[in-house]
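# Overview (structure and organization)
Here is how the chains run, residue by residue.
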Amino acid sequence: MSHSNLSPSSNSENNKEFVHNFVEDAFNKHDMEAVDKYYTVNLIQHNPQVPQGREGFKQYFGGFFQRFSDSRTTIDHVVAEGDKSIRYDDYDCHGQGNW
């Protein structure tokens, strides 16, 4: 994950908290403006369905949250080592319209 205003540290526990905060802001509060705190403009997206860059992320998930406004993400596991982290999530949502 590329970060901008909030910087991950070499401390794994701080990075886990960073990941939890991102998921809460972006995926549970659906706050696309908060994404600016976590991602740089030139975000490299690894999901082939999501356009590259921070604006691509916001466009894709902004549309997703309009259709799935009740969506909720629960983090099952976060693994962090140094400045790298991975998360395993569960998503719960119900569709409202075509996706």
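Up top is the structure.
### Considerations on the environment of Ile 75
- Structurally, Ile 75 is set in strand β1 (residues 72-81).
- Ile 75 sits in the buried class, given a relative accessible area of 17%.
- It is 7.6 Å that separates the C-alpha atoms of Ile 75 and His 20, two residues lying 55 residues apart in sequence.
- Not counting residues up to four positions away in its chain, the partners in contact with Ile 75 are Val 19, His 20, Val 23, Tyr 88 and Asp 89.

### Digging into the pattern of salt bridges
- Throughout the structure, instances matching the rule amount to 8 salt bridges.
- Lys 37 serves as the salt-bridge partner of Asp 25, at 3.3 Å between the closest nitrogen and oxygen. A residue pair is termed long-range when its members are at least 10 positions apart, and Asp 25 in helix α1 (residues 12-28) and Lys 37 in helix α2 (residues 35-38) qualify at 12 residues.
- Exposure remark for Lys 37: the relative accessible area of 35% places this residue in the partly exposed category.

### Some details on the environment of Tyr 39
- With respect to the secondary-structure elements, Tyr 39 resides in the loop between α2 and α3 (53-67).
- Relative accessible area serves as the criterion here: at 8%, Tyr 39 is assigned to the buried category.
- The spacing of Tyr 39 and Phe 57 is 18 residues in sequence and 9.4 Å in space, taken between C-alpha atoms.

Rules and cut-offs
- Residues numbered from 1 in each chain as written.
- Predicted model: local features only at pLDDT ≥ 70, side-chain atom pairs only at ≥ 80, totals over all residues.
- Heavy atoms only, no water.
- Helix = DSSP H or I, 4+ residues; strand = E, 2+ residues; numbered from the N terminus.
- Buried < 20%, exposed > 50% of the residue type's maximum accessible area, 1.4 Å probe, protein only.
- Contact = heavy atoms within 4.5 Å.
- Salt bridge = Lys/Arg side-chain N within 4 Å of Asp/Glu carboxyl O.

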